[in-house]
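Residue-level listing of the chains:
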Amino acid sequence: MSRRSRDHVIDEVERLTGTRPVQVDVTVCQLVPRREVQRRKYGFIDLPAPPEEPAGAEEVPS
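Residues numbered from 1 in each chain as written. Predicted model: local features only at pLDDT ≥ 70, side-chain atom pairs only at ≥ 80, totals over all residues. Heavy atoms only, no water.

1. Observations concerning helix α1 (residues 2-17)
Compared with the 22 Å implied by 1.5 Å per residue over 16 residues, the 22 Å span of α1 between its first and last C-alpha is a close match. Just beyond α1, the residue with positive phi is Gly18, at close to 80°. (Helix = DSSP H or I, 4+ residues; strand = E, 2+ residues; numbered from the N terminus. Expected span 1.5 Å × (residues − 1).)

2. Some points on a nonpolar patch on the surface
Together, Val26, Val28 and Leu31 line one region of the surface with nonpolar side chains, adding up to about 310 Å² of accessible area. Summarising the element assignment, Val28 is placed in the loop between α1 and β1 (38-39). (Patch = residues over 30% accessible without salt bridge, like charges linked within 9 Å, V, L, I, M, F, W, Y side chains within 5 Å. Areas by Shrake-Rupley, 256 points an atom, 1.4 Å probe, with all protein chains shown as cover. Salt bridge = Lys/Arg side-chain N within 4 Å of Asp/Glu carboxyl O.)

3. Topic: the pattern of salt bridges
Pairing of side chains with opposite charge becomes possible as their charged atoms draw close. Applying the stated criterion across every chain, the model contains four salt bridges. Arg15 is the salt-bridge partner of Glu12, the closest N and O atoms lying 2.8 Å from each other. Placement of the pair is Glu12 and Arg15 together in helix α1, with a separation of three residues, close to one helical turn. Residue Glu12 is classed as partly exposed on the basis of its relative accessible area, which comes to 26%. The salt bridge involving Arg20 is made with Glu14; its shortest N-O contact spans 2.6 Å. According to the relative accessible area criterion, Arg20 is partly exposed, its value standing at 45%. Here the salt bridges do not stand alone but share partners, grouping Asp11, Glu14 and Arg20 into one network. (Buried < 20%, exposed > 50% of the residue type's maximum accessible area, 1.4 Å probe, protein only.)

Dropping the structure here:
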């Protein structure tokens with residue numbers, strides 16, 4: 001799935017800018033069960049909101 005996503009991003013960047021990117025990296029941060037994803041018109045999807053960070057879990061600047 002991430003390969004298809006990467007290829008889609010490459011194609012869209014080329015279509016919008018006229019320049020094909022040399023490299024696109026895709027990082028999967030969360031897997032969402034299909035039943036929780038709502039498909040919308042024009043291929044967009046609505047994902048559930050990410051879980052909130054517990055209090056005190058903020059990153060401390062170094």
